Amino acid sequence: MSNSEQDNSVDWARQAYAQLKQKQDQRKLELEQKELEKKELEKKELERKELEKKELEKKELEKKELHDNASTQEILESEPKLGKFDQDFTWSAMILAAQGKDFNQISIDEIDWLSRLRKGLEETRKGFVTELLDKLGDDPLTPDTLDDLETLLLRADSGINSTDKVIDSLRRKLNEEVVGAEEGIKFLKEELIAILEKPITNSGSKVLVPEKGKLNIWLIVGVNGVGKTTTIGKLGNLSVRSNYKTLIAAADTFRAAAVDQLKVWGQRSSIEVIANESKNTDPAAVVFDAISAAVKRESDLLLVDTAGRLQNKNNLMDELAKIKKIIDKKVPNANVESLLVLDASQGQNGLNQAKGFAKAADLTGVILTKLDGTSRGGVSLAVSLEVDLPIRFIGAGEGLRDLRPFNSFEFIEALLADR
């Protein structure tokens, strides 16, 4: 983003900040009013229970209140806060403005996410972008500069094919005209976005969301250790906050801890987890029960945790095939997605996992996790180009809200945020 664009956007950002501050204050007042109303209702209910002297009913009420009702303070603490009017806010606001957002339409949640995404890509930026910008300076691009860029892209695990595509495009442009540093960065952004956008466009769906009015089943696959169970918990929280009725099926029955972890995540977001505590439970049987529960409850989304054995194990693929057969039989009209969870820090090993699963598991998309703390964020480009899979969600932190739908423009702007 050029200096002139930044200067023109400061006023817009200030208006956005003022608007969000007003919204936050109004939100606090609304919650405080609701708290007063809730306390009044609780008082009346308690009086009724005391008169009726039904101790059992009173205990059930308290149990339900503890489960369903958070205090105003708890709600406020769980929601993102409007920070200072600083560089992070201004950058995030300008990214939203560049996508055609009006300052009256943006939310604190959007600003908060963009700020965390930028911070989450800091290690990749340090290992790739900062060095690139130092080499570029303000001088026009040269063949030597492109050689340096090629090395940096490969070091960020962008993959040979995607790196070649970017460098070849830049060389052709350089052969046609003199390319200044600013124009070179702009062209680089366009090329990187094009790589990420192609599989998304080919999928026919810009953003993956459950379709209302029918059951959506998302099979979450991936090897152990990539954050699959945690990702399901975050996906569940995101879907609930987006007003989708959600269930979770604990079908990774070969790892007892996975079931316990899912139950904890489910409690945090008030999502029911369908599980079977028996030993050697058939994963397909859990999915069968979960589908029955989802249909009965008219759920919008069923998230299925699958076993996390290595992708070259035939029995894992056989289990996935069995699960899909049950889905086809019980709910043939369901929307089914197979999403692979990849740990960005694994770089080329993660790319190999994607290639292995894509052949055997009929993948429809990727969830990229653990972007924070790694210098290998370029693996997103390799997955998009070499495996032709759309990146659907990305995780850039350990918090409950640190998983969001993937946006290629925001991702590349965050990756190259220092320019």
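Residues numbered from 1 in each chain as written. Predicted model: local features only at pLDDT ≥ 70, side-chain atom pairs only at ≥ 80, totals over all residues. Heavy atoms only, no water.

Novice: Help me understand the nonpolar core in this model?
Specialist: Judged by nonpolar contacts, the single largest core of 88 residues is most densely connected at Phe89, Trp218, Phe357 and Ile394. In terms of residues, this core owes the most to one element, helix α9 (residues 181-203), which gives seven residues. Among residues more than four places away in sequence, those in contact with Ile394 are Trp113, Leu117, Leu368, Leu371, Asp402, Leu403, Arg404, Phe406 and Phe411. Among the nonpolar cores identified, the runner-up in size contains 20 residues, and Ala249, Ala293, Val304 and Ile323 belong to it. (Core = buried A, V, L, I, M, F, W, Y, C linked by side-chain atoms within 4.5 Å. Buried < 20%, exposed > 50% of the residue type's maximum accessible area, 1.4 Å probe, protein only. Helix = DSSP H or I, 4+ residues; strand = E, 2+ residues; numbered from the N terminus. Contact = heavy atoms within 4.5 Å.)

Novice: I keep staring at the pairing of strand β1 (residues 216-221) and nothing clicks. Help me out?
Specialist: Side chains on a regular strand alternate between the two faces of the sheet. Summarising burial for β1: six of the six residues are buried, a large majority. Burial along β1 is two-sided: the face carrying Asn216, Trp218 and Ile220 and the face carrying Ile217, Leu219 and Val221 are both buried. The pairing of β1 with strand β4 (residues 301-305) spans five bridges and is parallel. Bridge assignment links Asn216 to a residue of β4, and that residue is Leu301. Strand direction decides the pairing type here: β1 and strand β5 (residues 335-343), joined by six bridges, are parallel. Among the inter-strand pairings, Leu219 is bridged to a residue of β5, identified as Ser338. (Pairing = 2+ DSSP bridges.)

Novice: Looking at this structure, I do not really get the environment of Val304. What am I missing?
Specialist: With respect to the helices and strands, the residue Val304 is situated in strand β4. C-alpha of Val304 to C-alpha of Leu247: the two residues are 57 residues apart in sequence and 8.7 Å apart in space. Not counting the four nearest positions on each side in its chain, Val304 is found in contact with Ile217, Trp218, Leu219, Ile220, Ile232, Ala249, Ala251 and Val287.

Novice: What is the right way to read unusual backbone geometry from this model?
Specialist: Note on backbone geometry: most residues besides glycine have negative phi, and most peptide bonds are trans. A positive phi angle, close to 55°, is found at Ser270, a residue other than glycine. The residue Ser270 is located in the loop between α11 (256-269) and β3 (272-274) in this model. Judged by its relative accessible area of 48%, Ser270 is partly exposed. Even without being glycine, Asp388 reaches a positive phi, approximately 55°. Overall, the relative accessible area of 43% leaves Asp388 in the partly exposed class.

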